[in-house]
Amino acid sequence: MSFLNNVITGISLGSIYAIIALGYTMVYGIAKMLNFAHGDVIMVGAYVCFFATGSFGLHPVAGVLLAMVVCTILGMVIEGLAYKPLRQAPSLAVLITAIGVSWFLQNSAQLLWGAAPKVFTPVVSGGLSIFGGQLNISYVTILTVASCLVIMAVLSAFIGKGKMGKAMRACSEDKGAAQLMGINVNSTISMTFAIGSALAAIAGVLMCSAYPTLMPTTGSLPGIKAFTAAVFGGIGSVPGAFVGGLLLGIIEIFAKAYISTDLSDAIVFLALIIVLLVKPSGLLGKYVPEKV
Amino acid sequence: MTAMKQARRLRKATVNSFINYAIVIVAFIILQILLGQDMISNSIQSMLVPVCCYIVMAVSLNLTVGILGELSLGHAGFMSLGAFSGIIVSTALKDVVEAEPLRLLLAMLVGAVMGGIGGVIVGLPVLRLRGDYLAIVTLAFGEIIKNVIMVLYVGIDGDGLHMATKEANLTLAEDGIAIIKGPMGAVGVTKIASFTAGFILILVTLFVVQNLVDSRAGRAILSLRDNRIAAESCGINVTKYKLMAFVVSAVLAGAAGALYGLNYSSTVASKFDFNTSILVLVYVVLGGLGSIRGSIIAAAILTMLPEMSFMRSSSLKDYRMLLYAVILILVMLASNNPVLRNAFGSVSKKFKSSKKQEGGAAQ
């Protein structure tokens, strides 16, 4: 039973990683930038939900929606102020700017809300107990996995079928050609950031419901790991982020359970390195041959 | 005519290198005089060795990022390897080698070797990857090294070194001492690092990096940065030269790490995390990619800045990291803004022309 429990915990953690990884992978696919500030948007989302439900007594659903709205606006503001002027700049300049934004968000959070960890109240409490109490599944786990599946389905449909999704795919293929076809590249990129940030808010709330410590640095390590998940599955690919996130979550929980709690992060990163060495474009990423 | 031109170019490169040596030496002499006059506050004095370490880190990372053109986000991992192996060596040799400078030298050499070994292990498989993937793998390696050191227990007694992954497994004789205690890091380290050692390390780093860049190998490395495919078709061994630059950079980071570790009585592995790697990368980018002088100046100023008295005043204290982040974003935006670039055209032209000559001489 403990094996099954571990699988369930792994899938739950993996779902969170997958939702965060979607934000990374979409932004990378279209803007070709490593958005290191994404992890901190998660943290902001969790704080907004924390204060909305805790201090203002809003219903958890309203709290999540508010967090999504705040993060969407935040994502678009960050994109507009910090990344948009750097469209033509070398990628390293954009990377450093993203790190600057990440530090800015962390330090603002520390000034606004203090460095002391806050105990996050899960959005749903209680759980299922089956097989005579041998297998416990909390409602948070069910909610996490369900949200992940719904988000995946909606996002796949959006990108595959919708007009905006088509524009996104066109931009990720070739920005110049997309512009010539009458696609507004800037607003498409802005839209991508908005969607990614809204997902980050959901991920933040779900993550803090499962692991209820909230600090200004809460987002950074999950951010890096989710990014690893995105690379694991093939960065730029939406199904890749899903598969990568789930696998990473399961690997992490199994490493924790059967090898060593302290070394679980090292094992996760080792798995990433092995995958990249065997398949340099990630599990589901496509190989782009270099043209001379 | 061409011979003369070449001679003149060569001289420019040499002059450029010598200016860098001169800057470091003059800064050292001035600081020594100020120290003699007791004109430097304690907080600044305590920063002198770390500043030296960060300068070496920045110059060595510049070799990977600016000169080889590969993004590395795990440079602090090599520093960590150097720091902890340096601490182990220094503690182990405490009774054997009495003279502190000699022990420091040995510790730094071992730190450098360990950094180099780490560089080979990371570099050999990883340098096949390109661009952002390489960045991710170096990030992952940095985190792995941090994680592994955090569960490592190392102790020494009459029988020699003992290693374990659990505190209970570390069985030491009566006279044994635990050097590294897992998540608590290295504790009770004798501080033997000195500002002079840091100064010498900077000179050695400059000597190694500048001579490497001006050599035949350096030209190969630069050509890989500028156009890998063209360089490959000219018969340049990509893996060999990439690995060369990467390992030299790791060796220097290891030596800097050893010096850094021996400057504090206790060191934890989480000090050398992703954020430290990023911090050094910021020094390199703000100093200018490929510019060694820029790295030195940026590392010195940016390490010192948060320690300056006006930044430590009560009104600014809480906001200094926030300010740092805002300044970083603004500098990146301004330096990549075409309008501002033209406005500062005359200044940047000067810089550019001198850079061009530097690059031209190296080719």
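The rules behind the values
- Each residue is numbered by its place in its chain's sequence as written, counting from 1.
- All chains are assigned letters beginning at A, and all ligands numbers beginning at 1, according to the order in which they are written.
- Reporting of local features is limited, given that this is a predicted model, to residues whose pLDDT is at least 70; pairs of side-chain atoms are given and counted only at 80 or more, and all residues count toward the totals for whole chains, interfaces and linings.
- Heavy atoms from the whole structure form the basis of all side-chain values; hydrogens and water molecules are not counted.
- Note on pairing: DSSP must find at least two bridges between two strands before they are called paired.
- Strands here mean DSSP runs of E at least two residues long; helices mean DSSP runs of H or I at least four residues long; both are numbered from the N terminus.
- Each axis is a line fitted through C-alpha atoms, and for a helix only the stretch in contact is used; angles between axes span 0 to 180 degrees, taken between their N-to-C directions.
- Contacts: residue pairs with any heavy atoms within 4.5 Å of one another.
- Roughly parallel refers to an angle under 35 degrees, roughly antiparallel to one over 145, roughly perpendicular to one between 65 and 115, and oblique to any angle outside these ranges.
- Left-handed is the label given to a crossing in which the near helix is rotated counterclockwise from the far helix by less than a right angle, and right-handed is the label when the rotation is clockwise.
- Throughout this entry, Asp, Glu, Lys and Arg are counted as charged residues, while Ala, Val, Leu, Ile, Met, Phe, Trp, Tyr, Cys and Pro are counted as nonpolar. The remaining residues, Gly among them, count as polar.
- Buried surface area refers to the total accessible area, computed with a probe of radius 1.4 Å, that the two partners give up upon joining, counted for both partners together.
- We count a salt bridge whenever a side-chain nitrogen from Lys or Arg sits within 4 Å of a carboxyl oxygen from Asp or Glu.
- Side-chain atoms alone can form a polar contact between residues adjacent in sequence; in general such a contact is a pair of N or O atoms within 3.5 Å, and within protein one must be able to donate a hydrogen while the other accepts it.
- Each nonpolar core is a collection of buried residues, namely Ala, Val, Leu, Ile, Met, Phe, Trp, Tyr and Cys, held together in the definition by side-chain atoms within 4.5 Å.
- Relative accessibility under 20% of the residue-type maximum defines a buried residue, over 50% an exposed one, and the middle range a partly exposed one, all with a 1.4 Å probe and only protein chains included.

A. Quick peek at the sheet that holds strand 1 (residues 153–157) of chain B. Residue and element names in this part refer to chain B. Reading across the sheet, the three strands line up as 2-1-3 and stay open at both edges, with antiparallel pairing between neighbours. Two strands in the sheet have a free side with no partner beyond their single neighbour: strand 2 (160–164) and strand 3 (177–181). This sheet shows a mean twist of 20 degrees between the axes of neighbouring strands, independent of strand direction. Along the sheet, helix 4 (residues 75–92) contacts strand 1, strand 2 and strand 3; its crossing angle with strand 3, the most-contacted strand, is approximately 175 degrees.

B. Fine view of the packing of helix 4 (residues 91–113) of chain A against helix 15 (residues 320–335) of chain B. Running from N to C, helix 4 of chain A and helix 15 of chain B point in directions that differ by 155 degrees, and their axes come no closer than 8 Å. Viewed along their axes, helix 4 of chain A and helix 15 of chain B adopt a mutual orientation that is roughly antiparallel. Crossing geometry of helix 4 of chain A relative to helix 15 of chain B is assigned as left-handed. Residues Ala-93, Ile-96, Thr-97, Gly-100, Val-101, Trp-103, Phe-104, Asn-107, Ser-108 and Leu-111 of chain A of helix 4 of chain A lie in contact with helix 15 of chain B, whose contacting residues are Met-321, Leu-322, Tyr-324, Ala-325, Val-326, Leu-328, Ile-329 and Met-332 of chain B. Tallied by class, residues from the contact of helix 4 of chain A with helix 15 of chain B come to 14 nonpolar, four polar and no charged.

C. Molecular detail of the environment of Asp-265 of chain A. Residue placement: Asp-265 of chain A occurs in helix 11 (residues 264–278). Taking the C-alpha atoms as reference, Asp-265 of chain A lies 26 Å from Ile-151 of chain A; in sequence the two are 114 residues apart. With residues near it in sequence (within four places) discarded, Asp-265 of chain A still touches Leu-221, Lys-225 and Glu-252 of chain A together with Asn-147 of chain B.

D. Examining the environment of Ala-167 of chain A more closely. Here Ala-167 of chain A shows up in helix 6 (residues 163–173). Once you skip the residues sitting within four places of it in the chain, Ala-167 of chain A turns out to touch Ile-183 and Thr-188 of chain A.

E. Inspection of the interface of chain A and chain B at higher detail. Tallying the contact residues gives 41 residues for chain A and 42 residues for chain B. Carbon and sulfur atoms make up 81% of the surface buried where chain A meets chain B, a total of about 3600 Å² over both sides. Put simply, chain A and chain B have zero salt bridges between them. In this structure, the connection of chain A to chain B is made through zero residue pairs in polar contact (both at pLDDT 80 or more). Contributions of two or more residues to the side of chain A that touches chain B are made by helix 3 (60–83), helix 4, helix 9 (220–233) and helix 11 of chain A.

F. The nonpolar core, seen in detail. Formed by 202 residues in total, the largest nonpolar core has its most connected members in Phe-36, Tyr-83 and Leu-95 of chain A together with Leu-73, Leu-259 and Leu-281 of chain B. Sorting elements by how many residues they give to this core places helix 3 (residues 48–67) of chain B first, with 15 residues. Apart from residues no more than four positions distant in its own chain, Phe-36 of chain A is found in contact with Tyr-24, Leu-95, Ala-98, Ile-99, Ser-102 and Phe-227 of chain A together with Leu-73, Leu-139 and Phe-274 of chain B.

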